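Observations on chain architecture
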Amino acid sequence: MNVLIIGNGIAGNEVAFFLRRARRDCRVTILSAERFPEYDPCSLPYFIGRDVPRDSVFRKRWQDYHAHQIQLVLDHPATAIDPEAREVTTADGMKFGYDRLVLAHGGSLFIPPIDGIDKEGVHSCKQLAAADRLDQSSGSAAVVIGSGAIGIEAAEALKKRGYAVTVIELLDWIMPALFDPETAQRLKLRLEGCGIRVRTSEKVLRLEGAQRVCAVVTDKRRIPCDTVVIATGVVPGKALAQTAGIDVQRGIRVDAHLQTNAAGIFACGDCVETVDACTGEDAMFQLKHNAIEQARVVAHNLIAEPATYAGAWAFARAHFFDTHAVTFGKTTRATQCELGQLEIIERDEGEDYLRIILKEGRVVGGQAIGRFGDFIGLFIGAMWRKDDIPGIRENWSLIARSGSPHPWTYRKLGELIGLKS
Amino acid sequence: MSRKTNPFILVDSDKCTGCGLCEMACSMLHHGILSPHRARLRVLRFDNGRRNVPVVCQACEDAPCIKTCPMNARRRSEHQAVVTDEERCIGCRACVYICPFGAPVVNPDNGKTLTCDLCADDDTHPWCVQACRDCGALKVVACEEAVVRKSRQRAEQAKTAYQPKKGPVA
């Protein structure tokens, strides 16, 4: 069997190496648009911030590919798929045949249509080549456009490198996809306490400068700077699939086996649209753990051990300087257009903050800052099991009783939501 | 199909008296001091010490902390424990958050996480298990399928019988 994988990211590599460990007799080829062995995009801000050496971002070394007899074709972005002929064409016109194709090319940085965004001094840190350029450039004042997880991590990294940093967010609070405004407001104050300026509800109009950027102009002010980092999110790479007649919506559509509607073509990683493992709703959580789990399902299906994908799960952490925050499941905003009684459990104790979102008495999401994060895993478990929180309240006297046969996790969970023994 | 399981420290919280010797032993071996804050397991104490639960890394088969660590610092050691590579760890606590038990401990000295390494570098049994031999609340189970199956059965029962919705349990 000849397996061709497009994309040398986390999903692509997980498929390749899993496959190789299971089978020695198939050909495995990875087509990469980049020129590095597998690296972890999550690690890049920490390399820029000099928390770790550059070597630490890599998940594989060149010799790993060799040792596992995986052919790695670098610098060959795929440009077309012919599902009939089972052939992939790359940018330089080379053709690669396959028996099974895996689309794992991920997503690309969303570049907002802002005047002057192509100027010198405008960077990103989604890919290693771009992160290298940012790392090697020098400057003193940076503006980060976008306040998602990557934006905040990039801001921290640049601050550590001695830049004056401003983060600009179009929406009303930072990390709007991850946190509710109440949590985000606390994190914003913490960021500002670390010397990072945060501007929310502000729209970037244009970047000024002759060749090199010298200022960012928003609808409220002009911010002089010499470095701009774009962190406005990632769009799934679906054009390649779409032109080949593969079903796409927000991302590439796949069935429960992560197979596309084209015979012999699977997809995994940031480019696919899957379902939320807890709710079954369509979801796109472009996160590393989901890419790894999807890749394993694809690899199982490739070796004819049918496996189904349970769905993706939302879990992210936000960490800068000595602030530690975590979020899982849905935010209040994400639940707003749904039916069902919402209840918010909040605990606010000095530096520490806990916010649990219940819908019809079941945990659907939560956020924590500081100490409350230590046991957030108990709430993630409660969300998975769909634990009945009003039931825990009702039976609390039994659960909290000495010698109670209830698992300690219920006991701890009750304490965390403020029940007293 | 018989399946090999990873060795891990099995906890019987009914036998735990909350004495904390395990924490002392752990910090002594790894850090050379008696400091529960630096121990790789911790005892949660409820009801003024009438109920005690030692929490320790269970080295999950498909460990979520390995998948979520942004720095790929969480890895399975040659002894099948799941450990943090301190060279790579940036102290972000992703492993603490995603752990179903909150087992990883944050080292107060450097902010990096610590989990049980089964005292792999030491010839004696894990120190915590040695320290607990009078109570017997901790023991190492290695590839003992029967034990693990039984403990899983118990967990399954707990899950269904104690779903609070079903009302009080005697």
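This text gives an overview of the structure that appears in the document. For clarity, every value in this text was computed on a predicted model and none was experimentally measured.

1. Some details on a nonpolar patch on the surface
- Taken together, the side chains of Leu21, Met24, Met28 and Leu34 of chain B present a nonpolar region at the surface, about 360 Å² in accessible area.
- Residue placement: Met24 of chain B occurs in helix α1 (residues 21-31).

2. Quick look at the pairing of strand β3 (residues 51-56) of chain B
Residue and element names in this part refer to chain B.
- The element β3 is largely enclosed, with a buried count of six among its six residues.
- In β3, alternate side chains face the same way, and those of Arg51, Val53 and Val55 on one face and Asn52, Pro54 and Val56 on the other are all buried.
- Strand direction decides the pairing type here: strand β2 (residues 41-46) and β3, joined by six bridges, are antiparallel. Note that in β3 the partner of Leu41 across the bridge is Val56.
- Counting the residues in the hairpin turn of β2 and β3 gives four residues, including Asp47, whose phi is positive at 50 degrees.

3. Here we look at the sheet that holds strand β18 (residues 252-253) of chain A
Residues and elements named next belong to chain A.
- Strand order in the open sheet made by the three strands is β18-β20-β21, with mixed pairing throughout. Looking at the sheet topology across the chains shown, the edges are occupied by β18 and β21 (282-283).
- Examined bridge by bridge, strand β20 (residues 272-275) and β21 share two bridges and lie antiparallel to one another. Across the sheet, residue Val275 finds its bridge partner in β21, namely Asp282.

4. Considering the nonpolar core
Residue and element names in this part refer to chain A.
- Residues Ile376 and Phe379 are the most contacted members of the largest nonpolar core, which totals 66 residues.
- With six residues, helix α10 (residues 376-385) is the largest single contributor of residues to this core.
- Setting aside chain neighbours within four positions, we find Phe379 in contact with Phe328, Leu354, Ile356, Val363, Leu413, Leu416 and Ile417.
- The next biggest cluster of nonpolar side chains, apart from the first, holds 51 residues, and it includes Val28, Ile252, Leu258 and Leu302.

5. Concerning the sheet that holds strand β19 (residues 265-267) of chain A
All names here are of chain A.
- The five strands are arranged β3-β2-β1-β7-β19 in an open sheet whose pairing can be described as parallel. Only two strands of the sheet have a single partner each, and these edge strands are β3 (70-73) and β19. For this sheet, the mean inter-axis angle between neighbouring strands, taken without regard to orientation, is 20 degrees.
- By the bridge criterion, three bridges tie strand β7 (residues 100-103) to β19 in an arrangement that is parallel. Its bridge partner being in β19, Val102 is matched across the sheet by Phe266.
- Seen against the sheet, helix α1 (residues 10-22) touches β1 (2-6), β2 (27-31), β3 and β7 and runs at an angle of roughly 170 degrees to β2.
- Sheet strands touched by helix α8 (residues 288-302): β1, β7 and β19. Its angle to β19, the strand with the most contacts, is close to 160 degrees.

6. Let's talk about the packing of α1 of chain A against α8 of chain A
Residues and elements named next belong to chain A.
- Following both chains from N to C, one finds α1 and α8 inclined at 35 degrees, their axes separated by 8 Å at the closest point. In this structure, the crossing between α1 and α8 has a hand that is right-handed. Across the interface between the two elements, Ile10, Ala11, Glu14, Val15, Phe18 and Leu19 of α1 pack against Lys288, Ala291, Ile292, Ala295, Arg296, Val298, Ala299, His300 and Leu302 of α8.
- Its residues placed into classes, the contact of α1 with α8 shows eleven nonpolar, one polar and three charged.

7. What about the packing of aromatic side chains?
Residues and elements named next belong to chain A.
- All chains considered together, the criterion is met by three aromatic pairs over all chains.
- Ring plane angle 45 degrees and centroid distance 6.4 Å describe the contact between Trp313 and Phe315, whose orientation is recorded as tilted.
- Over the face of the ring belonging to Phe372 we find Arg371, whose NZ or CZ atom lies 4.6 Å from the ring centre.

8. Quick look at α10 of chain A
- The element α10 of chain A is extensively covered by neighbouring structure, given that eight of its ten residues are classed as buried.
- Among the residues making up α10 of chain A, those that are buried are Ile376, Gly377, Leu378, Phe379, Ile380, Gly381, Ala382 and Met383 of chain A.
- Buried residues in α10 of chain A make contact with β22 (315-320), β23 (323-329), β25 (352-359), β26 (362-369) and α13 (408-416) of chain A together with α3 (94-98) of chain B.
- After α10 of chain A finishes, the residue Lys386 of chain A shows a positive phi value of roughly 60 degrees.

9. Section: the pattern of salt bridges
Residues and elements named next belong to chain A.
- Applying the stated criterion across every chain yields a total of 42 salt bridges over all chains.
- Measuring nitrogen to oxygen at the nearest pair gives 2.8 Å for the salt bridge that ties Asp387 to Arg385.
- What makes Arg385 partly exposed here is its relative accessible area of 33%.

10. Remarks on the pairing of strand β14 (residues 215-218) of chain A
All names here are of chain A.
- Where burial is concerned, the two faces of β14 agree: the one with Ala215 and Val217 and the one with Val216 and Thr218 are both buried.
- Note that strand β13 (residues 204-208) and β14 share four bridges and pair antiparallel. The residue bridging Arg206 from the neighbouring strand is Val217, located in β14.
- Connecting the antiparallel pair β13 and β14 is a turn made up of six residues, with Gly209 showing a positive phi of about 135 degrees.
- Adjacent in sequence and paired antiparallel, β14 and strand β15 (residues 222-224) are bridged by three residues.

11. As for the interface of chain B and chain A
- Taken together, the contact between chain B and chain A spans 38 residues of the former and 50 residues of the latter.
- Carbon and sulfur atoms make up 59% of the area that chain B and chain A hide from each other, which totals about 3800 Å².
- Here chain B and chain A share three salt bridges between them.
- Close ionic contact of Glu293 of chain A with Lys67 of chain B constitutes a salt bridge, the shortest N to O distance being 2.6 Å.
- Those elements giving two or more residues to the side of chain B that touches chain A turn out to be β2, β3, α2 (64-68), α3 and α5 (145-161) of chain B.
- With four residues, the top contributor of residues to the side of chain B that touches chain A is α3 of chain B.
- Grouping the constituent residues of the side of chain B that touches chain A by class yields 21 nonpolar, six polar and eleven charged.

12. Considering helix α5 (residues 149-160) of chain A
All names here are of chain A.
- The terminal C-alpha atoms of α5, which comprises twelve residues, lie 17 Å apart, in line with the 16 Å expected from a rise of 1.5 Å per residue.
- Of all the positions in α5, only Gly151, Ile152, Glu153, Ala154, Ala155, Glu156, Ala157 and Leu158 are classed as buried.
- Once α5 finishes, Gly162 follows within two positions and takes phi at roughly 95 degrees, a positive value.

Cut-off values and rules
Residues numbered from 1 in each chain as written. Chains lettered and ligands numbered in written order. Predicted model: local features only at pLDDT ≥ 70, side-chain atom pairs only at ≥ 80, totals over all residues. Heavy atoms only, no water. Patch = residues over 30% accessible without salt bridge, like charges linked within 9 Å, V, L, I, M, F, W, Y side chains within 5 Å. Areas by Shrake-Rupley, 256 points an atom, 1.4 Å probe, with all protein chains shown as cover. Salt bridge = Lys/Arg side-chain N within 4 Å of Asp/Glu carboxyl O. Helix = DSSP H or I, 4+ residues; strand = E, 2+ residues; numbered from the N terminus. Buried < 20%, exposed > 50% of the residue type's maximum accessible area, 1.4 Å probe, protein only. Pairing = 2+ DSSP bridges. Core = buried A, V, L, I, M, F, W, Y, C linked by side-chain atoms within 4.5 Å. Contact = heavy atoms within 4.5 Å. Axes fitted to C-alpha atoms, helices over the stretch in contact; angles between N-to-C directions. Left-handed = near helix turned anticlockwise from the far one by under 90°. Nonpolar A, V, L, I, M, F, W, Y, C, P; charged D, E, K, R; others polar. Phe/Tyr/Trp six-rings, centres within 6.5 Å; stacked < 30°, edge-to-face > 60°. Lys NZ or Arg CZ within 6 Å of the ring centre and 35° of its normal. Buried area = accessible area lost by both parts, 1.4 Å probe. Expected span 1.5 Å × (residues − 1).

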